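Listed below, chain by chain, are the residues.
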Amino acid sequence: MTNASTVLPEVSLGARRVLRPSRALSSIGRVTRTGVEGLGALARFTMRTFEAVRDIGTWGPLTTLHMRRLGVDSMPIGMFIALFTGIVLSLLASYSFTGAVPLYFVGTLVEKTITMELAPVLTGLALAGRVGANIAAELGTMRVTEQIDALETLGYDPHAYLVVPRVLSGVVMFPVVVGAAMVVGVASGWIASIGLLNLSSADFVKGVRLFFSGFDVRYGLVKSGSFGLMVTLIGSIRGLKASGGAEGVGRAATTAVVYSAVAILVLDAFWAVTWLLGSDR
Amino acid sequence: MKRSNDFLVGAIVLAVILTLTGATLWVKQTDIGERRSKVVARFRDVGNARVGNAVVIRGVRAGTIEAIELARGGWVHVRMNLDRSMQLPSSPVVLLNESSLFGEWQATITPRSALPHDETVQAQIGESTGGGDVLPGATLPDIARLTAVAGQIAGDVANVAGRVEVAFDERAARELRGSIRNFAELSTTLSHTVRTHAGDLDTLSRGLQSAVRSLNQTAASAAQIASRVDSSSSAGEIHQIVDDMSHAAAELRRTSAQVRAMSEQLSATQGRLDTFLTNGDSVLVKLNSGQGSLGLLLNDPSLYRNGDSLLTQLRGLVTEVRANPKKFVSVRIF
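Residues numbered from 1 in each chain as written. Chains lettered and ligands numbered in written order. Predicted model: local features only at pLDDT ≥ 70, side-chain atom pairs only at ≥ 80, totals over all residues.

A.B. asks: I'd like a description of the overall build of chain B, backed by residues and values.
C.D. replies: Helices and strands together make up the secondary structure of chain B, namely nine helices and seven strands. A burial count over chain B gives 11% of its 334 residues as buried. Put simply, of all contacts in chain B between residues at least 6 apart along the chain, 53% involve residues at least 24 apart. (Helix = DSSP H or I, 4+ residues; strand = E, 2+ residues; numbered from the N terminus. Buried ≥ 20, exposed ≤ 12 C-beta atoms within 10 Å, placed from the backbone. Contact = placed C-beta atoms within 7 Å.)

Here it is as structure tokens:
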């Protein structure tokens, strides 16, 4: 014989609080609504940002500054990550290929993995931490110190002045950093293969050329551009919505990094499903 | 500060774009400035060949597949770019085949004379020949097809092995062992026999050789005779021989008629002889049966005995006459 307590999750019988089906459905609905609201807010924010693109006079002079901060200053960390990724990847490939697979496939694996996946994703995650947190903290601080209110009072559009240059910088400079990371990653894998493995330079190049396609580079660069868009948008939206002083700024920075990382992985899967799958290149 | 930002960002962006583009072109071995020669081959099916796969001449990488496109008549055209220094073999054909077990394909340009002895390949090449400047091409089966066939063969072998296992029990093994032993003994005997008769075979061989020599000599003689016949024919002697032969044939016909007449006379004589023998036979029968005087004379022993005693008496009489003639003869004159 079954009763309600064995069928429904019981929260606290002592306090006589029983989770009823209506309450469970309410929870699901609330979570769904929150998610959809978040997506709606992001969509509205994105729309406002695109509308603000028309105000070139406001964001134009600021863009190169942000490009330098977000892109050029992020080059060392991107290339550093790619350097070691290439080395580790070549060693890992040679370890996996022992005996069964010709060693020149190390070149194939390093090229494919670096250009299509690791350079965009690892660099994106690193820049999500660096750039996303930076934007969220900067804009959050401006929000809690009412600088943004002051800008609005002075007649500036906060989106044109604060968001557009950052988003454009992210969209343009993420692929640049990732492109450099691709070159450095493959080069480091090449050097590691020659120096640490019994693999000649010609064999590595043969492996790279074996299945190389221009699509590999295009795919990685477009993907990294979308990562840049999402990281800067999330950083901006979290920063502009910050409240509650320094604690609110810290929370905004943290959530910006977390959401950016999740968005990068979701976008990675999105591109794989929509573009990689079924593409004959 | 702002100008330095612009410069730095521009320089970095430009450097990354150039580096990435250069690296991509280098890896793709892009033919900048058309420094390579183009070759097009046509196939019914290109298997898993892809743009960028290697083109190989006599095992040496000579270029890459530049494009693969569908063409009219159900053909697939494969455009390849080759190093200008590379020379195509005479009567070239293109084979698409796997270069490794890992899905790697390549196009091999080879002379038609070096094609593998495979009916399918030959048929594909024959079908794709005649496309003008387009080289004929054939696609070799990939590893998946080969392994499928190998799997089928393995299944058949397993079936056969299973049947052998069923049929080949311990008794069969014993019998087989015995058969092998018998076969070994037979082999030993055979080798012994061969050793024994090796001399005979030599002799036979020598005889055969001499027979062949004789046959050669005979053939030479026949050839000489033939040549003589030739020469005789040319000198008119054959006509003479033919005339003589016809003359001889006429003589023979005459002789044959005489022989036929003689044969008829002989058969008449034989009839008379038969009659004579029949008569003689009846006389002899009568004699044997003691009929008639002669029969009685031949068959009556008393007559013989009387005759014999008469002769004895005659001999005594003669003796007495010789001894005393006067007793029996008296001569008186007057």
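Additional details are given in the paragraphs that follow.
A.B. asks: Please give an account of the overall build of chain A that cites residues and values.
C.D. replies: Counting its secondary structure elements, chain A contains ten helices and two strands. Starting at the N terminus, the α and β elements of chain A follow one another as α-β-β-α-α-α-α-α-α-α-α-α. Here chain A holds 281 residues, and the buried ones make up 45% of them. Considering only contacts in chain A between residues 6 or more positions apart, those separated by 24 or more positions represent 87%.

A.B. asks: For the nonpolar core, give the residues involved together with the corresponding values.
C.D. replies: Residues and elements named next belong to chain A. Core analysis: the biggest nonpolar cluster contains 76 residues, and Ala181 and Met182 have the highest contact counts within it. For this core, the element with the most residues is helix 5 (residues 105–144), which contributes 19 residues. Not counting residues up to four positions away in its chain, the partners in contact with Ala181 are Gly78, Met79, Ile81, Ala82, Ala119 and Thr123. (Core = buried A, V, L, I, M, F, W, Y, C linked by C-beta atoms within 7 Å.)

A.B. asks: Give a detailed account of the interface of chain A and chain B, specifying residues and quantitative values.
C.D. replies: At the interface, 22 residues of chain A touch 18 residues of chain B. Class assignment for the residues of the side of chain A that touches chain B results in 15 nonpolar, five polar and two charged. (Nonpolar A, V, L, I, M, F, W, Y, C, P; charged D, E, K, R; others polar.)

A.B. asks: Help me get a handle on the packing of helix 5 of chain A against helix 9 (residues 214–240) of chain A, residues and values and all.
C.D. replies: When two helices pack together, their arrangement is given by the angle between the helix axes and by the axis-to-axis distance. Residue and element names in this part refer to chain A. One way to put it is that helix 5 packs onto helix 9 with a least axis distance of 8 Å and a crossing angle of 15 degrees. If you check the angle between helix 5 and helix 9, you find them roughly parallel. The crossing of helix 5 and helix 9 is right-handed. Classifying every residue of the contact of helix 5 with helix 9 gives 16 nonpolar, eleven polar and six charged. (Axes fitted to C-alpha atoms, helices over the stretch in contact; angles between N-to-C directions. Parallel < 35°, antiparallel > 145°, perpendicular 65-115°, else oblique. Left-handed = near helix turned anticlockwise from the far one by under 90°.)

A.B. asks: Would you mind going over the pairing of strand 1 (residues 36–43) of chain B in detail, with residue names and values included?
C.D. replies: Residues and elements named next belong to chain B. Pairing geometry for strand 1 and strand 4 (residues 75–83), over eight bridges, is antiparallel. Along strand 4, the bridge assignment pairs Arg36 with Asp83. In this structure, strand 1 lies alongside strand 7 (residues 135–139), joined through two bridges in parallel fashion. Of the residues in strand 7, the one forming a bridge with Arg42 is Pro136. (Pairing = 2+ DSSP bridges.)

A.B. asks: Can you lay out the packing of helix 9 of chain A against helix 10 (residues 245–276) of chain A for me, pointing to particular residues and giving the numbers?
C.D. replies: Residues and elements named next belong to chain A. It is the contact of helix 9 with helix 10, at a shortest axis distance of 9 Å, that shows an interaxial angle of 150 degrees. By the angle between their directions, the pair helix 9 and helix 10 is classed as roughly antiparallel. Our pair here, helix 9 against helix 10, has a crossing hand that is right-handed. Contacts from Tyr219, Lys223, Ser226, Phe227, Met230, Val231, Ile234, Gly235, Arg238 and Gly239 of helix 9 reach helix 10 at Ala252, Thr255, Ala256, Tyr259, Ser260, Ala263, Ile264, Leu267, Asp268, Trp271, Trp275 and Leu276. Here the contact of helix 9 with helix 10 is built from residues that sort into 14 nonpolar, five polar and three charged.

A.B. asks: Any details on the sheet that holds strand 3 (residues 60–71) of chain B? Residues and values, ideally.
C.D. replies: Residue and element names in this part refer to chain B. Taken in spatial order, the seven strands of this closed barrel run 1-4-3-2-6-5-7, and their pairing is mixed. Each adjacent strand pair in this sheet contributes to an overall mean axis angle of 35 degrees, direction not counted. In terms of strand pairing, strand 2 (residues 54–57) meets strand 3 through four bridges, oriented antiparallel. Residue pairing in the sheet places Ile57 in a bridge with Val60 of strand 3. Set on the sheet, helix 2 (residues 119–128) makes contact with strand 1, strand 5 (92–98) and strand 7; between it and strand 7 the angle comes to about 150 degrees.

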